[in-house]
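Per-entry structural report
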Amino acid sequence: MTHVPYRWDTGLRVRVFGLLLFLLSLLVGLGFILTFTFNQMNSMRERAEFSQQNILRMEQVATLYAELTAAVNGYLLTGDEAMLASYEPDMARLKELLEQLERDVTDSPEQVDRVRRVWSLIETWRTEVAEPAIAFAQQGSPEAGSLLLRQGLGHAAQISEYRDAFRTEESKRLGQDLSSANLASDHVVRITWLAISLAAVLALGGFLVFARGVTRSTEALAEAANRIARGERGVVLDTPLDGELQVVANAFAAMSVTLAEQEKKLQAQQEQLIAQNEELVAQQESVKQHAAELERQERHLKRLHSLSSKMVGSIEIDQLSTLILDEYLDLYGGVAGALLIADEYSDKLRVLAERWLSPDLKGQSIPRSGPLARCVELREVVVARYPETKTRFSVWAHEVPVTQEVYVPLVHTGRAIGVVVIAFTEPTEINDEARALWHAVAGQASVALAAAQNHLEVKRALAVQEQAAQIQMLNAQLEEERDRTSAQLDIYLSIVSTMPAGAWLCDTGGNLLVSNSMFQEFFGETEPDEPLEQVLAQIAAVLPQDDPFPETVRRLVHDPAEVAGGRLRLTTGYTLQWSSAPVGSGSSRVGRLFTFQDVTELAELDRLKSEFVNIVSHELRTPLTSIMGYLGLVLAGTAGPLQDQQREFLQVVSRNTTRLANLINDLLDIQRIESGRMPLTLKPTSLPQVVTQVAETFRVQAEQKGLSFTVNVPEEGVPAIQADPDRLTQVVSNLVSNAVKYTKEGGVTITVSAREGRVELAVADTGIGISPSDQKRIFEKFYRAEHPYVREVGGTGLGLPIVRTIVEEHGGDLRVESELGKGSCFTVSFPALPAEKAE
C-alpha cells in the first residue's frame, strides 16, 4: 500500500486563513474611512449646537432688555421701589450672557462686533436714559418720562436690529453645518454599502473555490468508504486529495487492511463464545429462581421490620389498633376491615378500629359467634366464604358486599386477645405462605397490643392516684378555709356581743348568728339559728303598722354589697338610727350586720329645737315685716325728703333686714322639710320660662360686679316638667345667687337643655370653686366651706340643702362638678312630662 505525501500549500487551513485575512483587511480599511467621516459629522453637529445656543442667548439678551425697560417704565408710572428689585441682577445677567456670546463667536469677527455693539447700546441706555430717568423720578421731576420716550425707543430699535442680524448670521451658519452633516451621512451610507457588497462578492468567490476542492476530495473518500462497507479489504485511493483530506485517505487505507486481519480473529472467538453462552444461560435460570425466593423473604422481613418499628413508637391503643388494621389491609387488600379486642369480663369483642365502615361502630360490642368464635377458640386463621350471594351481614352488623371474610387471631401468652377481620369482594386462596406471614404479623401486633393495654391500665391507675391527690389537697384547702372562716366568725360574734348599740348578725340566708343584749332590749329575746322570718316578726311587733323596714331587710339580706341606713320609731317609745352592711366578700362572705343606735333623746332634742326655731322665726317675722314696710315707705320719701347720708344708712338697714328675712325664710323652709309639712302644688311648668324670669332678677347684680351673665335657653323644643312653680323658682334663685355671690371675676352661664326624656338646668361660674373635701359636705345644714372669700361674703349654709330637698321631692337629681380656683357647675335634672300630659 502506497501513501501520498501531505502538501501544506494545498491544505484547507491555508485557504481558509487567506480568505479570512483578506476580509479582515477590507473591514479595517472600511473602519478607518467610517471613523474619519463620523468625526467630521460630530464636529459639524457640535458647531450647529453652538449656533443654536448662541441664538437662544441673544433672544435671552433681548428678553432681559425688554424686562429692564418694563421695570423702569413701571417704576416711573407707579413710583413703587419693588419694581426696581430685579434691575441690578438683570443687568449683571445681561453682561454675563453677552460675554459668553463674545467667547462663543470668536471665529466670526462680524458676530463679535455685533455682540459688542449690543452691549454698548445697553450700557449707553443704562447710563444716559434709565438711571437719569430713575433719578428724575426720585426727585419728582416731570422730565423722567419724556427722557425715556425720547431716547429709549431709539436704543431699543438699534438693539433689535443688531439682534436680528446676529440671529440671521447664526442661522446661516447653522444651515451650512447641518447640510455638511447630512452630506457626510450620505457618504457614510454609500461607502458602507459599497464595502459590504465588495466583501460579499469576494467571500462568495473564495467559498466557491474552496467548495470545489472539498467536494472533489469528499467524493473520493465516500467512494472508498462504500467499497469498505461492501466488504472489500485493502482499498487504496490513487487520486491525490487536497491537504488534510489526503491524511484521511491514508487512514482509510490502513483501516481497511486492519479490518481484514481482525475479521479472521473475531470469527474464531465467536465460535468459542457461543459454547460458553449456552452454559451461562443454564446457570442464569438457576440463579433467577434463587433470587426470586430471596427477594420474597427479604420483602416479608422488611414488612415485619417496618411494622415492628411503627408499633414500637405507638403506645396509645387507639393509634396502635388503627396502625395494625391498616397494615393488614395494605398487605393483602380487601374492601373493608375491623380490629376487635376481647373483653375479659364478658363473652363479647369490642371494636377498636374500622376501615371503610361506619365510624359509629367504634366502641360497640360484637357477640362471639360463628367464624369469629372459632377464630378465638382455635387461635388460628379462619376463612369464611359465601359463594351463593355477594351480600352478607358480617361480624360488624352492617350489610357489606363480600364473598369472603378472613379472621386472623391476635394471640398473646396463649390467649386470643383480639381478632382482625378482613372482607374480600372476590374469593382469595390462602396458601401456607400467606398464613405463615399473617401469623408473623399477628405475633408482633398482639405483643404491641398487649403492651398498649397495659399502658392504658397504668395511665388509668395514675389518673386515679392524681385525682385522689387533688381531692386530698382540696379537702385540706377546704379545712383551712373553714378554720379561717370560723376564726373570723368568732371575731365578728365577739364584736357584735360587745357593741354599745343594738346589733344583729345573720348569715347569707338570713338566719340569726348572734344578737347582743341591747338588740334584745329593743325587739325581745332571740335564739341562735333563729330563721329570718321569725326575727322579722319580733321586729314588726314593735313597729308601726305598714312600716317598710321588714321588706328592706329581706332585700338587703340577699344583696352582697349594698350599704343602707335609716330611722325607726318603735311603738315602745324608742327612736333608733339603723344601718346595715355586708360582712366579708366573695367566698369569705359571712352574712350581714344590722346595728340600731338609740337616738331617742336626740330625736326629742331635735323636736324641741324645731319647735323653738318655728316659734322664734314666726315671732321675728311679724316685726320684720313691719320694719321692712316702714323702711320702704321712708326710702320712698313718703315721710319726707332724706339726706344722702340718711338714705345710705337706711339702705344698709334695709339690706340687712332683707338678709335677716331670707334667713328666717330658710329656717322655716328647713323646718317644714324636716317635719314633712312642705306642701307642693305640682302642675305642668316651663323650666325655660322660670329661668328667664329669675335670670333677669340677678343680671343687674352680676353686671354691677363686672361679671358676664349668659343665659342659654332654647325658644322651643324643651318639654314641660311636673313641678311647683314657686319651689322651682326658689331652686333656680338659690343656684344663680350662689354663682353670682362667689364669683370675683369671669362670669356666670345658665343653660337649659333636654335629652333622653329629662330636662336639665346647668348653672356654671368661674368663681372660687369647691375643694373635694367640701363637696362631700356642702349639702349639710349650716355647713360653709373654709375659704376667706366665703366668710367675707356671708351666708347661712341653708341654700344648697333646701335646693337638694326640693329637687328630690320633684323626683329629680342634683350633681356638682367643681375645681378649686377655677369654678363650679351645678346641674339639676327633672323627668320630662309627656306631651299629652303637658297639654
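Refer to the structure above for everything that follows.
The following refers to the structure shown. In this numbering scheme, every chain counts its residues from 1 along its sequence in written order. With the structure being a predicted model, the display of local features is reserved for residues of pLDDT at least 70 and the display and counting of side-chain atom pairs for 80 or more, all residues being used for whole-chain, interface and lining totals. To get the side-chain values, all heavy atoms of the structure are used, and hydrogens and water are removed first.

**Some remarks on the overall build of the chain**
Operational definition: In this description a helix means any DSSP run of H or I spanning at least four residues, a strand means any run of E spanning at least two, and both kinds are numbered starting from the N terminus. Note on classification: 1.4 Å probe, protein chains only; a residue is buried when its accessible area is under 20% of the maximum for its type, exposed when over 50%, partly exposed between these limits. Whether two residues are in contact is decided by their heavy atoms, any of which lying within 4.5 Å being enough.
Per the secondary structure count, the chain includes 19 helices and 20 strands. Residue burial in the chain is summarised as follows: out of 839 residues, 35% are buried. Residue pairs at least 24 apart in sequence account for 61% of intrachain contacts in the chain once pairs closer than 6 positions are excluded.

**A few points about the pairing of strand S12 (residues 575–583)**
Cut-off, in case you're wondering: Two strands pair if DSSP finds at least two bridges between them.
Strand direction decides the pairing type here: strand S11 (residues 564–569) and S12, joined by six bridges, are antiparallel. Counted as the bridge partner of leucine 568 is leucine 576 from S12. Between S11 and S12, which follow one another and run antiparallel, lie five residues, and glycine 573 among them has a positive phi close to 105 degrees. Judged from the eight bridges that link them, S12 and strand S13 (residues 591–598) form a sheet pairing that is antiparallel. Looking at the pairing, valine 583 lines up with glycine 591 of S13.

**Let's talk about helix H10 (residues 532–540)**
Convention followed: The reported arc concerns the directions from the helix axis to the C-beta atoms and nothing else.
Listing the buried residues of H10 in full gives Leu532, Val535, Leu536, Gln538 and Ile539. For H10, the angular spread of buried residues about the axis comes to 155 degrees, placing them on one side. Along its buried surface, H10 packs onto strand S9 (502–507), strand S10 (512–515), helix H9 (517–523) and helix H11 (549–557).

**Let's talk about the environment of asparagine 516**
Rule in force here: A 3.5 Å cut-off defines polar contacts: any pair of N or O atoms within that distance qualifies, except that in protein one atom must be a possible hydrogen donor and the other a possible acceptor, and neighbouring residues in sequence count only when both atoms are side-chain atoms.
Within the secondary structure, asparagine 516 sits in the loop between S10 and H9. According to the relative accessible area criterion, asparagine 516 is buried, its value standing at 3%. The spatial distance from the C-alpha of asparagine 516 to the C-alpha of glycine 502 is 6.3 Å, given a sequence separation of 14 residues. Polar side-chain contacts of asparagine 516 include one of 2.6 Å to the backbone oxygen of alanine 501.

**Side note on helix H15 (residues 725–741)**
The periodicity of an α-helix, 3.6 residues per turn, causes residues three or four places apart in sequence to face the same way. Heads up, the condition is: A helix is expected to span 1.5 Å multiplied by its residue count minus one.
Here H15 is 17 residues long and its end C-alpha atoms lie 24 Å apart, about the 24 Å a rise of 1.5 Å per residue gives. All buried positions along H15 are accounted for by Arg727, Leu728, Gln730, Val731, Val732, Asn734, Leu735, Val736, Ser737, Ala739 and Val740.

**What about the packing of aromatic side chains?**
Test applied: Stacked, tilted and edge-to-face are the three classes applied to pairs of Phe, Tyr and Trp rings, where Trp contributes its six-membered ring and a pair requires centres within 6.5 Å; stacked means planes under 30 degrees apart, edge-to-face means over 60, and tilted covers the rest.
If you walk through the whole model with that rule in mind, you get nine aromatic pairs. Look at phenylalanine 519 and phenylalanine 523: their rings are 5.0 Å apart centre to centre, the planes differ by 50 degrees, and that puts the pair in the tilted class. You can see phenylalanine 519 and its partner phenylalanine 523 sitting in helix H9, four residues apart, about one turn around the helix. For the pair formed by phenylalanine 519 and phenylalanine 523, the shared burial category is buried. Linked through ring pairs, Trp504, Phe519, Phe522, Phe523, Phe549, Tyr574, Trp578, Phe594 and Phe596 together constitute an aromatic cluster.

**Digging into the sheet that holds S9**
Selection criterion: Axis definition: a line fitted to C-alpha atoms, limited for helices to the stretch in contact. Angles are taken between N-to-C directions and run from 0 to 180 degrees.
Here five strands make up an open sheet; going across it, the order is S10-S9-S13-S12-S11 and the pairing antiparallel. Either end of the sheet is taken by a strand with one partner, and the two such strands are S10 and S11. This sheet shows a mean twist of 20 degrees between the axes of neighbouring strands, independent of strand direction. Across the face of the sheet, H11 comes into contact with S9, S11, S12 and S13 while running at roughly 145 degrees to S13.

**A word on the sheet that holds strand S17 (residues 747–755)**
The mixed open sheet is built from five strands, whose spatial order is S15-S17-S18-S20-S19. Every other strand in the sheet has two partners, leaving strand S15 (708–712) and strand S19 (813–819) as the edge strands with one partner each. Taken pair by pair, the neighbouring strands of this sheet meet at an average axis angle of 10 degrees, ignoring direction. Where S19 meets strand S20 (residues 823–831), seven bridges bridge the pair, whose relative direction is antiparallel. Across the sheet, the residue bridging to aspartate 813 is serine 829, located in S20. Where helix H14 (residues 687–704) meets the sheet, it contacts S15, S17 and strand S18 (758–765), and its direction lies at approximately 175 degrees from that of S15. H15 rests against S15, S17, S18 and S20 of the sheet, and its axis sits at about 25 degrees to S18.

**As for the nonpolar core**
Selection rule: For the purposes of this section, nonpolar cores are sets of buried Ala, Val, Leu, Ile, Met, Phe, Trp, Tyr and Cys residues that join through side-chain atoms within 4.5 Å.
Core analysis: the largest hydrophobic core is formed by 38 residues, its most contacted members being Phe709 and Ile750. When sequence neighbours within four positions are dropped, the list of residues in contact with phenylalanine 709 reads Ala695, Phe698, Arg699, Ala702, Val736, Val740, Val748 and Ile750. Val61, Leu94, Val105 and Leu121 belong to the second-largest nonpolar core, a separate cluster that totals 26 residues.

**Some points on the pairing of S18**
Taking burial as the measure, the eight residues of S18 include six buried ones, the bulk of the element. Pairing of S17 with S18 involves eight bridges; the strand directions are antiparallel. Across the sheet, the residue bridging to isoleucine 750 is valine 763, located in S18. In textbook terms, the turn of a hairpin is the stretch between consecutive antiparallel strands, and for S17 and S18 this stretch comprises two residues, one of which, glutamate 756, has a positive phi near 55 degrees. As judged from the seven bridges shared by S18 and S20, these two strands associate in the antiparallel manner. Residue pairing for S20: leucine 761 is matched across the bridge by valine 828.

**Some thoughts on the side chain of threonine 827**
Here threonine 827 shows up in strand S20. According to the relative accessible area criterion, threonine 827 is buried, its value standing at 9%.

**Quick notes on the packing of H15 against helix H18 (residues 799–809)**
What counts, and what does not: The crossing is said to be left-handed when, going from far helix to near helix, the turn is anticlockwise and less than a right angle, and right-handed when the turn is clockwise. For this classification, Asp, Glu, Lys and Arg are treated as charged, while Ala, Val, Leu, Ile, Met, Phe, Trp, Tyr, Cys and Pro are nonpolar and the rest, including Gly, are polar.
Contact pair H15 / H18: the axes reach a minimum separation of 10 Å and the direction vectors enclose 145 degrees. H15 and H18 meet at a crossing whose hand is left-handed. On H18, the residues that touch Arg727, Gln730, Val731, Asn734, Leu735 and Asn738 of H15 are Gly799, Leu800, Ile802, Val803, Ile806 and Val807. Looking at the contact of H15 with H18 residue by residue, the class counts come to seven nonpolar, four polar and one charged.

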